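Chain by chain, the residues:
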Amino acid sequence: MTTATWRALGLGPAPEPEPDPDADARALASALRLRILRLCLDEPHTNKEIAHALGRNPGSVLHHVRTLVARGFLAALPERDGPRGSREVPYLATGRSWLTPMTPSQAPVLVEAFVEEVAEAPPETTELVRLGLRLDEAGRNELTERVVALFQEFADREPDPAGEPYAVFYAFYEDAQRRRARDVSEPGEPRGSRASDTPPTA
């Protein structure tokens, strides 16, 4: 399975390197590499264009590009004409990162990439939601399955050539601060008798 962009361009099967989960995890353990993949998600870019868009040195970016290419997350497309008669190689994300499970230790990298990207987004285009819930196991599974299915539905759509580029970040995690507050409740105190233990609305 590949990204809708890869399919729409008729590029055939995406690169499939030899299975190596550790190498995949290392390749994705960088906020910069995640941002490179996002940048090349629906439009191919050369190393120089990537470096310019991210405000980085082309030499240092090339190392990251090659790492992503080696693990099949990024693919080099045929050379094309560049400025002043030069030849340049454009790169396009294959969509393989969407199908690669992230390890718990990679969560900070996802957050770092998100913080960097949202900091550059025009405030008027940014919509954020912060919500607190209390769910049993069935409720947690239901929420996860429905959200993942919705994301997959949109990931499978062909990109709209006239559309604007948007990004989505979703996080679902145990609320450690509310767990700590519950753990220090007085022994025998009925659940919900303290304001901090009532089901939150936001």
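Tell me about the sheet that holds strand β1 (residues 45–46), and name the residues and values.
Pairing in this open sheet of three strands is antiparallel, and the strands run β1-β5-β2 from one edge to the other. Strand pairing shows two members of the sheet lacking a second neighbour, β1 and β2 (74–76), which therefore form its edges. Bridging between β1 and strand β5 (residues 90–93) involves two bridges; their strand directions are antiparallel. Looking at the pairing, H45 lines up with Y91 of β5.

Which residues make up a nonpolar patch on the surface, and what values go with them?
Taken together, the side chains of V129, L131, L133, L135, Y170 and F172 define a hydrophobic patch exposed on the protein surface, amounting to about 590 Å² of accessible area. For V129, the position within the fold is in the loop between α6 (107–120) and α7 (137–155).

Account for the packing of aromatic side chains, with residues named and values stated.
Applying the stated rule across the entire model yields two aromatic pairs. Considering the side-chain rings of F114 and F169, the 4.3 Å spacing of their centres and the 25° angle between planes classify their relative orientation as stacked. In this pair, F114 is assigned in helix α6 and F169 in the loop between α7 and α8 (176–183), connecting sequence segments 55 residues apart. Take F114: its relative accessible area is 25%, and that puts it in the partly exposed class. Take F169: its relative accessible area is 34%, and that puts it in the partly exposed class. Considering the side-chain rings of F151 and Y170, the 5.8 Å spacing of their centres and the 85° angle between planes classify their relative orientation as edge-to-face. Of the two residues, F151 sits in helix α7 while Y170 sits in the loop between α7 and α8, which places them 19 residues apart along the sequence. For F151, a relative accessible area of 28% gives the class partly exposed. The side chain of R157 reaches across the aromatic face of F154, ending 4.0 Å from its centre.

I'd like a rundown of the packing of helix α3 (residues 31–39) against helix α4 (residues 47–54), residues and numbers included.
Closest axis-to-axis distance for the α3/α4 pair is 11 Å, and the angle between their directions is 115°. Regarding the angle of α3 to α4, the classification is roughly perpendicular. The interaxial crossing formed by α3 with α4 has right-handed handedness. Seen from α3, the contacting residues are L32, R35, I36 and L39; seen from α4, they are I50, A53 and L54. Class assignment for the residues of the contact of α3 with α4 results in six nonpolar, no polar and one charged.

Can you tell me about the side chain of D24, naming the residues and giving the values?
Inspection of the secondary structure puts D24 in helix α2 (residues 21–27). When near neighbours in sequence (up to four residues on either side) are disregarded, D24 contacts R71, F73, R96 and T100.

Which residues make up the pattern of salt bridges, and what values go with them?
Summed over all chains, the structure comprises eleven salt bridges. Between D24 and R96 there is a salt bridge whose closest N-O contact spans 2.9 Å. Placement of the pair is D24 in helix α2 and R96 in the loop between β5 and α6, with a sequence separation of 72 residues. Here R38 makes a salt bridge to E117, at a shortest N to O gap of 3.5 Å. Here R38, found in helix α3, pairs with E117, found in helix α6; they are 79 residues apart in sequence, far enough to count as distant.

With reference to specific residues and values, describe the packing of α3 against helix α5 (residues 58–70).
Where α3 meets α5, the axes come as close as 10 Å, and the angle between the chain directions of the two elements is 70°. Judged by the inter-axis angle, α3 sits roughly perpendicular to α5. Contacts between α3 and α5 involve L32, R33, I36 and L37 from the former and V61, H63, H64, V65, T67 and L68 from the latter. Of the residues that constitute the contact of α3 with α5, the class distribution is six nonpolar, three polar and one charged.

How would you explain the confidence of the model for the protein if you had to name every residue and give the values?
For the protein, the average pLDDT comes to 86, and 87% of its residues sit at 70 or higher. A low-confidence stretch, residues 192–202 (pLDDT under 50), is modelled with 15 contacts involving residues beyond four sequence positions or located in other chains.

Reading the values: rules and limits
Residues numbered from 1 in each chain as written. Predicted model: local features only at pLDDT ≥ 70, side-chain atom pairs only at ≥ 80, totals over all residues. Heavy atoms only, no water. Pairing = 2+ DSSP bridges. Helix = DSSP H or I, 4+ residues; strand = E, 2+ residues; numbered from the N terminus. Patch = residues over 30% accessible without salt bridge, like charges linked within 9 Å, V, L, I, M, F, W, Y side chains within 5 Å. Areas by Shrake-Rupley, 256 points an atom, 1.4 Å probe, with all protein chains shown as cover. Salt bridge = Lys/Arg side-chain N within 4 Å of Asp/Glu carboxyl O. Phe/Tyr/Trp six-rings, centres within 6.5 Å; stacked < 30°, edge-to-face > 60°. Buried < 20%, exposed > 50% of the residue type's maximum accessible area, 1.4 Å probe, protein only. Lys NZ or Arg CZ within 6 Å of the ring centre and 35° of its normal. Axes fitted to C-alpha atoms, helices over the stretch in contact; angles between N-to-C directions. Parallel < 35°, antiparallel > 145°, perpendicular 65-115°, else oblique. Left-handed = near helix turned anticlockwise from the far one by under 90°. Contact = heavy atoms within 4.5 Å. Nonpolar A, V, L, I, M, F, W, Y, C, P; charged D, E, K, R; others polar. pLDDT = per-residue confidence, 0-100.

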